[in-house]
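An overview of the molecular structure
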Amino acid sequence: MATSDRLLRYAESRKNLTGCACGIAGVGIALTGAAGALWPLVVAGLYAAGALIAPPERPDAPHFPDAREQLDALREDFATLRAYLAETELPPAARDRLTALDSLVEALLEPGWVSDPEHLHVLARAVRQDVPEAVDAFVRTRWWARVAPGTEPPERHLERQLSALHDEAAAIAAALQEAEELRQQTHTRYLEERGR
């Protein structure tokens, strides 16, 4: 199967098509009688010359999802995360911090806000890895904490983790706000200078 794929790719390649065109020119030369008895060598030689001078095949550039496609996929994953978190039992303080983080991430994932790849990466990591890992670790550790009293409560770790994630998301929101303020100031300056 691989050999037939390779042959098919070569049959459609630039080298083969150029070689065939030159070979057809050789057949034309042979039909005029200019090649004489050596016409097979002329046709083969012209085919080989055409195949050698043809430019090499260039593979197509890979398609990577743009920011809009990444954001759409991230929104779907965020909906899946929300469904998981709705079923998870959390203490009130952790649930409050999770609600604040959820609201902030939801606002950032609205169309037209986040397009910077770094910001997308931070949000994707939070949605796909950090929040599920923090909640899952809390759920698993909570049982052991009941069996072994005297250790630091897992709720504190969860609250600290959610606070750190909220701070990351808040930094993205602050950067977006700063960019919008700068954009507005630049436009104001442009309009004022244009009027002079």
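Refer to the preceding data block for the structure.
This write-up is about the structure you can find in this document. (Residues numbered from 1 in each chain as written. Predicted model: local features only at pLDDT ≥ 70, side-chain atom pairs only at ≥ 80, totals over all residues. Heavy atoms only, no water.)

**A short note on the overall build of the chain**
Short version of the rule: Each helix is a run of DSSP H or I of at least 4 residues and each strand a run of E of at least 2, with the numbering of both proceeding from the N terminus. Radius of gyration means the value over C-alpha atoms here, while the globule rule gives 2.2 Å times the residue count to the 0.38 power. Three labels apply to residues, based on accessible area from a 1.4 Å probe with only protein chains included: buried if under 20% of the type maximum, exposed if over 50%, partly exposed otherwise in between. Should any heavy atoms of two residues lie within 4.5 Å, those residues are counted as being in contact. Residue-level accessible areas treat just the shown protein chains as cover; the underlying method is Shrake-Rupley with a 1.4 Å probe.
Looking only at helices and strands, one finds 7 helices and 0 strands in the chain. Ordering the α and β elements of the chain from the N terminus gives α-α-α-α-α-α-α. Relative to the 2.2 N^0.38 estimate, which gives 16 Å for 196 residues, the radius of gyration of the chain is 32 Å and therefore markedly larger than a compact globule would have. Its C-alpha atoms give the chain principal-axis dimensions of about 100 × 70 × 25 Å. Buried positions account for 24% of the 196 residues belonging to the chain. Intrachain contacts of the chain at a sequence separation of at least 6 include 75% that bridge at least 24 residues. Here the chain displays about 13700 Å² of accessible surface, and carbon together with sulfur accounts for 60% of that area.

**What about the nonpolar core?**
The test is simple: As used in this record, nonpolar core signifies buried Ala, Val, Leu, Ile, Met, Phe, Trp, Tyr and Cys residues forming a set joined through side-chain atoms within 4.5 Å.
Counting residues in hydrophobic clusters, the biggest one holds 30 residues, and the most contacted among them are Leu108, Leu123, Val131 and Leu158. Taken together, the elements giving at least two residues each to this core come down to helix H4 (67-87), helix H5 (92-108), helix H6 (117-147) and helix H7 (154-194). Top contributing element to this core by residue count: H6, with 10 residues. Look past the residues within four positions of Leu158 in its chain and what remains in contact with it is Leu90, Ala94, Ala134, Val135 and Phe138.

**A closer look at the environment of Phe78**
The topology assignment puts Phe78 in helix H4. Sequence spacing of Phe78 and Leu123 is 45 residues, and the spatial spacing of their C-alpha atoms is 9.7 Å. Non-local contacts of Phe78, meaning those with residues more than four positions away in its chain, are made with Asp102, Val105, Glu106, Leu109 and Val127.

**A short note on the packing of H5 against H7**
Applicable threshold: As a rule, the C-alpha atoms of each element are fitted with a line to give its axis, helices using only the stretch in contact, and angles between N-to-C directions run from 0 to 180 degrees. Comment on the angle field: the value is read as roughly parallel under 35 degrees, roughly antiparallel over 145, roughly perpendicular from 65 to 115, and oblique elsewhere. Note on convention: near helix rotated counterclockwise from far helix by under a right angle means a left-handed crossing. Clockwise means right-handed.
Contact geometry of H5 with H7 gives a least axis separation of 9 Å together with a crossing angle of 25 degrees. The angle between H5 and H7 falls in the class roughly parallel. Relative to H7, H5 is oriented so that their crossing is left-handed. Only Leu158, Glu159, Arg160, Leu162, Ser163, Leu165, His166, Ala169, Ala170, Ile172, Ala173 and Leu176 of H7 make contact with H5, whose side of the interface consists of Ala93, Ala94, Arg97, Leu98, Ala100, Leu101, Leu104 and Leu108.

**A short note on the pattern of salt bridges**
Rule in force here: Between Lys or Arg on one side and Asp or Glu on the other, a salt bridge is scored when a side-chain nitrogen of the former is within 4 Å of a carboxyl oxygen of the latter.
Using the criterion set out here, one finds 8 salt bridges in the structure. Across the salt bridge formed by Asp72 and Arg75, the nearest N and O atoms sit 2.7 Å from each other. A residue pair is termed a helical-turn pair when its members lie 3 or 4 positions apart in one helix, as Asp72 and Arg75 do in helix H4 at 3 residues. You can call Arg75 partly exposed: its relative accessible area is 25%. Each of Arg82, Asp102 and Glu106 takes part in salt bridges that share partners, so that together they form one network.

**Some remarks on the side chain of His119**
Mapped onto the elements of the fold, His119 is located in helix H6. Overall, His119 belongs to the buried group, its relative accessible area being 17%. What His119 contacts, discounting residues up to four positions off in sequence, is Val114, Ile172, Ala175 and Leu176.

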